[in-house]
Structures are given as structure tokens and as C-alpha cells.
Amino acid sequence: QVHVVESGGGLVQAGGSLRLSCAASANIFDTNAMAWYRQAPGKQRELVASISRGGTTLYVASVKGRFTIARDNAKNTVSLQMNSLKPEDTAVYYCNANPQWDYWGQGTQVTVSS
């Protein structure tokens with residue numbers, strides 16, 4: 001079985017911070033890279049940050065310098081520290097492998113008020 005459980009979302013004022021966490025099963029976590037994706041209403045799902053097993057990171061331009069992805073290989077967890085949040089960051093955030101597996105968890109809602 002594949003399991004990913006996202007947590008840490010919530011309502012925050014513009015300029016504030018949130019830290020998202022993902023607990024993943026070993027089979028999906030032990031792939032080349034894990035990533036955070038997000039989907040806003042009426043928009044396509046997009047990859048926002050990725051981290052390889054060795055720690056190499058990738059960010060979409062809109063979050064570069066504001067978000068930080070990290071992983072703990074011993075605990076099969078991935079985090080996303082989000083600072084200087086903007087209303088445009090409002091979305092459901094999902095954890096998955098990169099390239100993505102055909103499996104999605106429940107996601108965690110992030111809402112940023114202006």
C-alpha cells in the first residue's frame with residue numbers, strides 16, 4: 001500500500017508563515033525525489049518544490065526564496081516551510097513523488113488572507 005498524510009495547513013495572514021509536514025510510506029518515499037504540489041480553485045495542479053533523496057532541491061520561480069523543502073530519510077517525512085505567504089499561495093497542498101505516482105492523499109488546505 002501507498003500512504004501519504006499531509007498536515008499543517010491553515011488560515012494565515014499575508015506575510016505570515018506555515019510549516020507543512022508529510023508522512024509517507026517507505027515505498028513512495030524511497031524513490032528518487034519527493035515533492036510538494038498545490039492546486040488552487042480553477043487552476044491546474046503544479047509542482048512547487050522538490051527534493052531528491054540526496055538533498056538536491058528545486059522550486060518553482062513564484063516561491064523561490066520564500067519556501068524551503070526538507071526531508072528526513074530516517075523518518076520518511078518531508079516538510080515545506082513557507083514564509084512571506086501571499087494570497088496567491090492559497091491552494092490545497094499535496095505531497096507525492098517526483099515524477100508523480102498515480103496516488104494522491106487528502107492534501108492540506110492553505111488559505112492566505114490579504
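This text follows the structure it describes.
In this text the structure is predicted, and so the values were computed from the model without any measurement.

Visitor: Is there a simple way to think about the overall build of the protein chain in this case?
Guide: Check the secondary structure of the protein chain and you find one helix and ten strands. For the protein chain, the sequential pattern of α-helices and β-strands runs β-β-β-α-β-β-β-β-β-β-β. The C-alpha atoms of the protein chain give a radius of gyration of 13 Å, which matches the 13 Å a tight globule of 114 residues would have. For the protein chain, the residues scored as buried account for 43% of the 114 residues in total. Of the roughly 5,800 Å² that the protein chain leaves accessible, carbon and sulfur atoms contribute 49%. Charge-centre separation for the protein chain: the mean point of 10 positive side chains lies 5 Å from the mean point of 7 negative side chains.

Visitor: Looking at this structure, how should I read the sheet that holds strand 7 (residues 67–72)?
Guide: Neighbouring strands of a sheet are bound in pairs by backbone hydrogen bonds; such pairs are parallel or else antiparallel. Pairing within the open sheet is antiparallel, and its four strands lie in the order 1-3-8-7. At either end of the open sheet lies a strand with only one pairing partner, and these are strand 1 (4–7) and strand 7. Strand-to-strand twist across the sheet, computed as the mean angle between neighbouring axes with direction ignored, equals 15 degrees. Sheet analysis places strand 3 (residues 18–24) next to strand 8 (residues 77–82), joined by six bridges and oriented antiparallel. Within strand 8, the position partnered with Ala23 by the bridge is Thr77.

Visitor: Before we go on, may I ask you to explain the nonpolar core in this structure?
Guide: Soluble globular proteins: nonpolar side chains tend toward being buried together. In this structure, Trp36, Leu80, Met82 and Tyr93 are the most contacted members of the largest nonpolar core, which totals 28 residues. Secondary structure elements with two or more residues in this core: strand 3, helix 1 (26–29), strand 4 (33–39), strand 5 (46–52), strand 7, strand 8, strand 9 (91–97) and strand 10 (108–113). If sequence neighbours within four positions are ignored, Tyr93 has contacts with Glu6, Leu20, Trp36, Tyr37, Arg38, Val48, Phe67, Leu80, Met82, Gly107, Thr108 and Val110.

Visitor: What is the right way to read the packing of aromatic side chains from this model?
Guide: For any pair of aromatic rings, the description rests on two quantities: the centre-to-centre distance and the angle between the ring planes. Counted under the stated rule, the structure contains two aromatic pairs. Note on Tyr37 and Trp104: the rings are 5.3 Å apart at their centroids and 85 degrees apart in plane angle, and the pair reads as edge-to-face. Residue Tyr37 is located in strand 4, and its partner Trp104 is located in the loop between strand 9 and strand 10; the two are separated by 67 residues in the primary sequence. Overall, Tyr37 belongs to the buried group, its relative accessible area being 4%. Owing to a relative accessible area of 23%, Trp104 belongs among the partly exposed residues under this scheme. Centre to centre, the rings of Tyr94 and Trp104 are 5.7 Å apart; their planes meet at 75 degrees, and the pair counts as edge-to-face. A residue pair is termed long-range when its members are at least 10 positions apart, and Tyr94 in strand 9 and Trp104 in the loop between strand 9 and strand 10 qualify at ten residues. Every member of this aromatic cluster is reached through a ring pair, and the members are Tyr37, Tyr94 and Trp104. Positioned above the aromatic ring of Trp104 is the side chain of Arg45, whose terminal nitrogen or guanidinium carbon lies 3.8 Å from the ring centre.

Quick notes on the rules
Residues numbered from 1 in each chain as written. Predicted model: local features only at pLDDT ≥ 70, side-chain atom pairs only at ≥ 80, totals over all residues. Heavy atoms only, no water. Helix = DSSP H or I, 4+ residues; strand = E, 2+ residues; numbered from the N terminus. Rg over C-alpha atoms; globule rule 2.2 N^0.38 Å. Buried < 20%, exposed > 50% of the residue type's maximum accessible area, 1.4 Å probe, protein only. Areas by Shrake-Rupley, 256 points an atom, 1.4 Å probe, with all protein chains shown as cover. Lys, Arg positive; Asp, Glu negative; His and termini not counted. Charge placed at Lys NZ, Arg CZ, Asp CG, Glu CD. Pairing = 2+ DSSP bridges. Axes fitted to C-alpha atoms, helices over the stretch in contact; angles between N-to-C directions. Core = buried A, V, L, I, M, F, W, Y, C linked by side-chain atoms within 4.5 Å. Contact = heavy atoms within 4.5 Å. Phe/Tyr/Trp six-rings, centres within 6.5 Å; stacked < 30°, edge-to-face > 60°. Lys NZ or Arg CZ within 6 Å of the ring centre and 35° of its normal.

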